[in-house]
Amino acid sequence: MSTIGPKRSSLSSVFSRVGSYYYPSNNNNNNNNSKKRCSSFPSSSLTSSLSSSSLVYDDIMDDDDDDTMEMVQLGAERTKNVLILMSDTGGGHRASAEAIRDAFILEFGDEYNIIIKDVWKEYTGWPLNDMEGQYKFMVKHVQLWKVAFHSTSPKWIHSMYLAAIAAFYAKEVEAGLMEYKPDIIISVHPLMQHIPLWVLKWQGLQKKVIFVTVITDLNSCHRTWFHPGVNRCYVPSAEVAKRASLDGLEESQIQVFGLPVRPSFARAVLSKDDLRVELEMDPVLPAVLLMGGGEGMGPVKKTALALGESLFNKELGKPIGQLIIICGRNKSLAATLESMEWKIPVKVRGFEKQMEKWMGTCDCIITKAGPGTIAEALIRGLPIILNDYIPGQEKGNVPYVVDNGAGVFTRSPKETAKIVSEWFSTKQDERKRLSENALKLAKPEAVFEIVRDLHELAAQRGPLANLPYILTSSFTSLI
């Protein structure tokens with residue numbers, strides 16, 4: 001029987017319980033806050049007459065809550081629920097979530113039911129339900145984002161504000177998580193570790209639910225990514241693994257697999273010649289891919305104009321390369337570029353869902369330092385010209401590419417155009433060397449390694465993982 005003490009104020013209780021990341025020792029798992037007891041077991045004489053043994057559990061509360069009863073077939077196989085927590089603060093989080101979903105389906109079919117949710121947006125209030133809008137505002141005012149990123153990095157600061165948020169929205173987050181009754185929770189966002197883990201702890205579900213983090217930043221990343229309460233922390237690089245270790249994660253928790261890239265991209269078998277016919281490109285001229293991200297931001301227009309000049313040989317009166325421009329959702333930019341007259345073959349595209357094809361037709365890429373685009377370009381073996389980055393999480397992606405010999409960095413559109421024209425003419429050996437280094441750095445199997453490891457973790461849970469979701473003394477009743 002569970003015994004619940006007098007309710008205290010939300011803030012004082014939450015801060016006392018979650019002021020630190022670290023969980024108490026395992027000896028405290030059998031606490032009074034979330035005990036369940038088995039109200040009846042089938043006797044040995046009855047067991048033989050039953051087709052499958054079952055256990056009936058009662059959750060008995062000291063308050064006025066109704067008793068809850070559920071049945072579960074012990075040892076019965078069932079579809080496991082996988083809840084992926086993400087937010088559209090940048091396109092990389094959703095892309096990683098969808099890549100993991102697709103890999104689960106390819107590897108394990110209907111053994112898993114995959115749910116991708118922004119629990120914050122759907123269940124909580126301000127500021128959590130508008131993280132997407134706040135992020136877009138801050139990255140447009142990049143110095144504001146820089147201050148926010150670095151000022152919240154110290155553990156004592158972000159643990160305090162996350163505990164404060166938990167005090168206000170714990171009930172809503174709990175409802176959001178419990179609605180889907182997950183067997184596995186995967187966080188692909190730095191702000192989606194702490195509060196869900198606190199909910200699992202207070203619900204007594206740590207032994208039932210596997211919780212993992214998949215970090216979507218290649219090098220520099222915010223410290224909220226790292227929580228020692230996770231079962232696994234999947235990191236994209238050795239650099240991030242070192243950061244995780246310094247922030248208290250054990251070696252057994254850290255797996256270096258790479259950034260999850262959608263299977264349709266990672267395992268695509270593409271012929272450049274066939275793709276160029278399909279996409280109506282020049283079959284001979286080398287091609288450069290100019291990316292503006294999902295929102296078509298950065299110096300796309302200036303760079304395109306500079307490339308239009310540098311890739312046209314005035315002496316011969318003909319182009320030495322062709323240009324593909326991806327404008328994302330920026331329809332105004334796309335319309336402007338399409339209305340221009342070009343001396344070289346140019347294709348202007350909007351938001352693209354088949355980037356594996358466009359990358360497969362090209363010989364180098366120009367992009368800001370987004371981790372997803374970098375990971376995809378490495379898989380395709382494209383030399384990379386990085387022309388911008390978001391301070392904080394993307395800054396470290398520049399040395400990751402440059403120091404590993406997979407590309408260069410310059411913010412100058414003219415310098416960018418000069419580099420591409422040289423790669424297509426006098427410095428083709430350099431382009432080839434960069435391409436080889438990119439392929440060495442690529443990790444196309446990362447997403448499959450992640451889901452296979454999760455499948456092994458789930459198998460190790462044994463029969464306890466098949467016990468039903470019976471509400472414990474709700475953690476919201478404790479505050």
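Here's what I pulled together on the structure shown here.

So, how was this worked out
- Residues numbered from 1 in each chain as written.
- Predicted model: local features only at pLDDT ≥ 70, side-chain atom pairs only at ≥ 80, totals over all residues.
- Heavy atoms only, no water.
- Helix = DSSP H or I, 4+ residues; strand = E, 2+ residues; numbered from the N terminus.
- Buried < 20%, exposed > 50% of the residue type's maximum accessible area, 1.4 Å probe, protein only.
- Contact = heavy atoms within 4.5 Å.
- Core = buried A, V, L, I, M, F, W, Y, C linked by side-chain atoms within 4.5 Å.
- Pairing = 2+ DSSP bridges.
- Axes fitted to C-alpha atoms, helices over the stretch in contact; angles between N-to-C directions.
- Polar contact = N/O pair within 3.5 Å; in protein donor to acceptor, adjacent residues only side chain to side chain.
- Phe/Tyr/Trp six-rings, centres within 6.5 Å; stacked < 30°, edge-to-face > 60°.
- Lys NZ or Arg CZ within 6 Å of the ring centre and 35° of its normal.
- Salt bridge = Lys/Arg side-chain N within 4 Å of Asp/Glu carboxyl O.

## Looking at the overall build of the protein chain
- Counting secondary structure elements, the protein chain contains 19 helices and 17 strands.
- Of all 479 residues assigned to the protein chain, the portion counted as buried reaches 51%.
- In the protein chain, of all internal contacts separated by at least 6 residues, the share reaching a separation of at least 24 is 68%.

## What about the nonpolar core?
- Core analysis: the biggest nonpolar cluster contains 40 residues, and W120, L177, I185 and F226 have the highest contact counts within it.
- Of all the secondary-structure elements, those providing two or more residues to this core are β4 (80-85), α4 (119-123), α7 (155-180), α8 (194-203), β8 (232-235) and α9 (238-246).
- Per element, the largest residue contribution to this core is 9 residues, and it comes from α7.
- Contact partners of W120, with chain neighbours within four places excluded, come to L128, N129, M131, V173, L191, M192, I195 and P196.
- Within the second largest apolar cluster, 32 residues are counted, among which are M281, I365, I384 and V398.

## Here we look at the sheet that holds strand β10 (residues 287-291)
- Pairing is parallel in the open sheet, where 6 strands are placed in the order β14-β13-β10-β15-β16-β17. Both outer strands of the open sheet, β14 (346-349) and β17 (407-409), are each paired with one neighbouring strand and no more. Neighbour to neighbour, the strand axes of the sheet diverge by 15° on average, direction disregarded.
- Examined bridge by bridge, β10 and strand β13 (residues 322-326) share 5 bridges and lie parallel to one another. The partner of M291 across the bridge, within β13, is I326.

## A few points about the side chain of D363
- Within the element layout of this structure, D363 appears in the loop between α14 (355-361) and β15 (364-367).
- Here K272 takes part through its side chain, which lies 2.7 Å from a polar atom of the side chain of D363.
- A polar contact of 3.2 Å, which involves the side chain of D363, links it to the side chain of R276.
- If near-sequence neighbours (up to four positions away) are discounted, D363 is found in contact with K272, R276, P286, A287, L382, P383, F424 and R431.

## Regarding the environment of S237
- As for its placement among the helices and strands, S237 is situated in the loop between β8 and α9.
- Taking relative accessible area as the criterion, S237 reaches 2% and is therefore assigned buried.
- Each C-alpha atom of the pair S237 and L441 lies 9.8 Å from the other, and the pair is 204 residues apart in sequence.
- Ignoring sequence-local partners within four residues, the contact set of S237 consists of L218, V256 and Y400.

## Let's talk about α8
- Burial of α8 is extensive: 9 of the 10 residues sit out of reach of the surface.
- Of the residues making up α8, those classed as buried are H194, I195, P196, L197, W198, V199, L200, W202 and Q203.
- Where α8 ends, the next residue or the one after it, G204, has phi of about 70°, a positive value.

## Describing the packing of aromatic side chains
- The full count for this structure, using the stated rule, is 6 aromatic pairs.
- Here the aromatic residues F104, F108 and Y112 are joined through ring pairs into a cluster of three or more.
- The ring of F448 is capped by R267, whose NZ or CZ atom sits 3.5 Å from the centre of that ring.

## Thoughts on the pattern of salt bridges
- Tallied over the entire structure, the rule returns 20 salt bridges.
- Among the ionic pairs, E352 bridges to R349, the shortest N-O distance being 2.8 Å.
- The salt bridge partner of E422 is K418, with a shortest N-O separation of 2.9 Å. Here the residue E422 and the residue K418 both occupy positions in helix α17 (residues 413-423), the gap between them amounting to 4 residues, near one helical turn.
- Its relative accessible area of 18% is what places E422 among the buried residues.
- The class of K418 is partly exposed, set by a relative accessible area of 42%.
- One network of salt bridges, in which partners are shared, links E107, R267, E445 and R452.

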